[in-house]
Amino acid sequence: VDAAVADKDRLVFKRSYTYGGKGVLVGDQHSPEQLRTLLTADGSAWVAQRRVYTSSLELRAADGRTVPYLFVLGMFLYGDQASGLLVRAAAHSPVVNVSQGGGAAWAFVE
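Predicted, not measured: the structure shown is a model, and the values here were computed from it. (Residues numbered from 1 in each chain as written. Predicted model: local features only at pLDDT ≥ 70, side-chain atom pairs only at ≥ 80, totals over all residues. Heavy atoms only, no water.)

**Let's talk about the overall build of the protein**
- For the protein, the helix and strand inventory stands at 2 helices and 7 strands.
- Taken from the N to the C terminus, the helices and strands of the protein come in the order α-β-β-α-β-β-β-β-β.
- Of all 110 residues assigned to the protein, the portion counted as buried reaches 23%.
- In the protein, once contacts between residues fewer than 6 apart in sequence are set aside, the share between residues at least 24 apart is 35%.
- A total of about 7700 Å² of accessible surface is found on the protein, and carbon and sulfur atoms cover 56% of it. (Helix = DSSP H or I, 4+ residues; strand = E, 2+ residues; numbered from the N terminus. Buried < 20%, exposed > 50% of the residue type's maximum accessible area, 1.4 Å probe, protein only. Contact = heavy atoms within 4.5 Å. Areas by Shrake-Rupley, 256 points an atom, 1.4 Å probe, with all protein chains shown as cover.)

Okay, here's the thing in structure tokens:
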């Protein structure tokens, strides 16, 4: 916990065994004290992942406005070979998943 809190601004934390964006904490959105309390409050297991900033893309929203969409790229590997990406995007949050309204698409690599 000490190492994770010390490096919090580069990390995203997710409760183990959850889905749908529940329990996701973006490290730089919390003070060290807040984050330590959240990570240790109930004895839950957590996963810490390095946050990688990606470009945003201006896309038209459902209401016709153009807004910046934030992306999450998930690399898929087959053995040691990259087989494609799962691309997710949302306009409202850096935590992007389908259950929170983010769209998903595939990108394949050769």
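**Here's the deal with the pattern of salt bridges**
- Counted under the stated rule, the structure contains 6 salt bridges.
- In this structure, R15 engages D42 in a salt bridge whose closest nitrogen and oxygen atoms are separated by 3.2 Å. Placement of the pair is R15 in strand β1 (residues 11–15) and D42 in the loop between α2 (32–40) and β3 (46–50), with a sequence separation of 27 residues.
- According to the relative accessible area criterion, R15 is partly exposed, its value standing at 24%.
- Between R65 and D63 there is a salt bridge, with the nearest N and O atoms lying 2.7 Å from each other. (Salt bridge = Lys/Arg side-chain N within 4 Å of Asp/Glu carboxyl O.)

**Examining the pairing of β1**
- Sheet topology note: the β1/β3 ladder contains 5 bridges and is antiparallel. From the neighbouring strand, F13 faces β3, where its bridge partner is A48.
- Relative to strand β2 (residues 24–26), β1 is paired through 3 bridges, and the arrangement is antiparallel. The residue bridging F13 from the neighbouring strand is L25, located in β2. (Pairing = 2+ DSSP bridges.)

**Observations concerning the environment of H30**
- Turning to its location among the elements, H30 is positioned in the loop between β2 and α2.
- A C-alpha to C-alpha distance of 8.5 Å links H30 and K8, two positions 22 residues apart in sequence.

**Quick notes on the sheet that holds β3**
- Strand order in the open sheet formed by 3 strands is β2-β1-β3, and the pairing between neighbours is antiparallel. Edge positions in the sheet fall to β2 and β3, since each has one partner strand and no second. Direction aside, the axes of adjacent strands within the sheet are offset by 20 degrees on average.
- With respect to the sheet, α2 is in contact with β1, β2 and β3, its orientation differing from that of β2 by roughly 160 degrees. (Axes fitted to C-alpha atoms, helices over the stretch in contact; angles between N-to-C directions.)

**Considerations on the nonpolar core**
- Counting 7 residues, the largest nonpolar core is built from A4, V5, L11, F13, L25, L35 and L39.
- Every element with two or more residues in this core is listed here: α1 (2–6), β1 and α2.
- In contact with L25, not counting residues within four places along its chain, are V12, F13, H30, L35, L38, L39 and W46. (Core = buried A, V, L, I, M, F, W, Y, C linked by side-chain atoms within 4.5 Å.)

**Things to note about the pairing of strand β4 (residues 57–60)**
- Bridge count for β4 against strand β5 (residues 66–78) is 4 bridges, and the pairing is antiparallel. Residue pairing in the sheet places L57 in a bridge with Y69 of β5.
- Counting the residues in the hairpin turn of β4 and β5 gives 5 residues, including G64, whose phi is positive at 95 degrees.

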